Amino acid sequence: MLEIDKSLKSIAVGVIMLTVAACQVATEEAPQAWNPLDDFEVLDPASIFATPEPSPENSTYSTEQLSRGRYLVGLLGCGSCHTDGALVGDPDPGRLLAGSSTGIAYTNPLQDSNPGVVYPANLTPDLETGLGSWTMERLITMIRVGTTEHSASSLPVMPWPAYASITREDALSIAAYLKSLPPVRHAVPANVNRGQPAPAPYVHFGVYQSRPR
Ligand code: HEC
């Protein structure tokens, strides 16, 4: 159980748990004794408000638009998910916004031994592994309504509903800023459907309420 001071923090950021390799549990021998939390480690994610320098020479947008985009990406903490290591509290400052090899479970791993997992994408404009081939329109739509090429419906986990009321100009500034970044080549693992084993570790954000005793 968490102490009081820790539990307040956990409610603010969600309880983060990283899966460890051995997920097999002896449910047959001792079903009562199984504590699913034994398979997880509690970690604190890092909030990333730092943003890489844009390269205005890579952009047809004004330096004001790029600065505005940079300011918004920092303020909205996009790097907290989209940076390697950030979700497990050990961000790689050289790979800001270049995607995360640690995924996020979108179904509860305490109930599903193989939850669905998404890996935050590489947001730098690398052609093969990032947003290099995305049009501005597609990026703006993704930020405001949460759709991408892999999915016509809204994505799980990516907090697009929180950004849905952003103005078009602000979404455009974010898109222009991301497209002006130095490209970083980094392929994140493919997303995993519920029921399939995840190829790479993942965290889970959850709020858990104590049962009355
Ligand atoms: C809580 C974590 C989280 C935060 C914060 C977050 N994202 Fe994401 N984002 C994700 C995940 C996870 C995916 C992959 C979802 C999927 O593939 O289903 C994603 C996908 C995307 C994609 C689609 C990329 C692709 O290749 O499909 C874009 C663009 C994107 N995010 C931009 C942003 C921007 C811009 C911000 C900040 C304004 C942001 N994200 C903040 C988790 C996050």
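Residues numbered from 1 in each chain as written. Predicted model: local features only at pLDDT ≥ 70, side-chain atom pairs only at ≥ 80, totals over all residues. Heavy atoms only, no water.

## Brief notes about the coordination of the iron atom of the ligand
Surrounding the iron atom of the ligand are the protein donor atoms His82 (NE2) and Met158 (SD), which sit 2.0 to 2.1 Å from the metal. Because the angles between the 6 donor atoms bound to the iron atom of the ligand fall within 86 to 180°, the donor set is best described as octahedral. With a gap of 76 residues between them, His82 in helix α3 (residues 79–82) and Met158 in the loop between α4 (136–145) and α5 (160–163) connect regions that are remote in the sequence. (Donors = N, O, S within 2.8 Å, 3.2 Å for Na, K, Ca; no water. Tetrahedral: all angles 85-135°; square planar, octahedral: opposite > 155°, others 65-115°. Helix = DSSP H or I, 4+ residues; strand = E, 2+ residues; numbered from the N terminus.)

## Notes on the sheet that holds strand β4 (residues 117–118)
Spatially, 3 strands are ordered β4-β3-β5 in an open sheet, and the strand pairing comes out mixed. Looking along the sheet, the strands with just one partner apiece sit at the ends: β4 and β5 (202–203). Sheet topology places strand β3 (residues 103–105) next to β5; 2 bridges connect them, and they run parallel. Bridge pairing in β5 places Ile104 opposite Val203. (Pairing = 2+ DSSP bridges.)

## Remarks on helix α6 (residues 168–179)
Taking 1.5 Å of rise per residue, the 12 residues of α6 would be expected to cover 16 Å, and the 16 Å separating its terminal C-alpha atoms lies within 8% of that figure. Of all the 12 residues making up α6, 9 are buried; the element is thus mostly covered by neighbouring parts of the structure. Among the residues of α6, Asp170, Ala171, Leu172, Ser173, Ile174, Ala175, Ala176, Tyr177 and Leu178 are the ones counted as buried. Packing partners of the buried residues in α6 comprise α2 (63–75) and α4. (Expected span 1.5 Å × (residues − 1). Buried < 20%, exposed > 50% of the residue type's maximum accessible area, 1.4 Å probe, protein only. Contact = heavy atoms within 4.5 Å.)

## Quick look at the confidence of the model for the protein chain
Should pLDDT be low for a region, the predicted coordinates there are not to be read in detail. Across the protein chain, the average pLDDT comes to 84, with 82% of residues at 70 or higher. Below pLDDT 50 for its whole length, residues 1–27 participates in 47 contacts with residues either more than four positions away or in separate chains. (pLDDT = per-residue confidence, 0-100.)

## Quick word on the packing of aromatic side chains
Following the criterion strictly, the structure yields 0 aromatic pairs and no others. Directly above the ring of Trp134 sits Arg138, whose terminal nitrogen or CZ lies 3.8 Å from the centroid. (Phe/Tyr/Trp six-rings, centres within 6.5 Å; stacked < 30°, edge-to-face > 60°. Lys NZ or Arg CZ within 6 Å of the ring centre and 35° of its normal.)

## Thoughts on the packing of α4 against α6
The geometry of a pair of packed helices is captured by two quantities: the angle between their axes and the separation between those axes. Two elements in contact, α4 and α6, have axes whose closest approach is 9 Å; the angle formed by their N-to-C orientations is 120°. In terms of orientation, α4 and α6 fall into the oblique class. Seen along the crossing, α4 lies across α6 with a hand that is right-handed. Here α4 contributes Met136, Glu137, Leu139, Ile140, Ile143 and Arg144 to the contact with α6, which in turn contributes Arg168, Ala171, Leu172, Ile174, Ala175, Ala176, Leu178 and Lys179. Split into classes, the residues belonging to the contact of α4 with α6 amount to 10 nonpolar, no polar and 4 charged. (Axes fitted to C-alpha atoms, helices over the stretch in contact; angles between N-to-C directions. Parallel < 35°, antiparallel > 145°, perpendicular 65-115°, else oblique. Left-handed = near helix turned anticlockwise from the far one by under 90°. Nonpolar A, V, L, I, M, F, W, Y, C, P; charged D, E, K, R; others polar.)

## A closer look at the site of the ligand
With respect to spatial proximity, 22 residues lie near the ligand, and among them Cys78, Cys81, His82, Met158 and Asn191 are the closest. Asn191 places a side-chain nitrogen or oxygen 2.7 Å from an oxygen atom of the ligand. For the shell around the ligand, the secondary structure elements donating two or more residues are α3 and α4. Split by residue class, the shell around the ligand holds 17 nonpolar, 5 polar and no charged. (Near = heavy atom within 4 Å. Polar contact = N/O pair within 3.5 Å; in protein donor to acceptor, adjacent residues only side chain to side chain.)

## Looking at a nonpolar patch on the surface
Among the surface-exposed residues, Tyr71, Leu75 and Leu76 lie close enough to one another that they form a single nonpolar patch of about 290 Å² accessible area. Along the chain, Leu76 falls in the loop between α2 and α3. For Leu76, a relative accessible area of 32% translates into the label partly exposed. (Patch = residues over 30% accessible without salt bridge, like charges linked within 9 Å, V, L, I, M, F, W, Y side chains within 5 Å. Areas by Shrake-Rupley, 256 points an atom, 1.4 Å probe, with all protein chains shown as cover. Salt bridge = Lys/Arg side-chain N within 4 Å of Asp/Glu carboxyl O.)

## Focus on the packing of α2 against α6
Interhelical geometry of α2 versus α6 gives an angle of 95° and a closest axis separation of 7 Å. Viewed along their axes, α2 and α6 adopt a mutual orientation that is roughly perpendicular. Where α2 approaches α6, its residues Gln65, Leu66, Arg68, Gly69, Arg70, Leu72 and Val73 are matched on the opposing element by Asp170, Leu172, Ser173, Ile174, Ala176, Tyr177 and Leu178.

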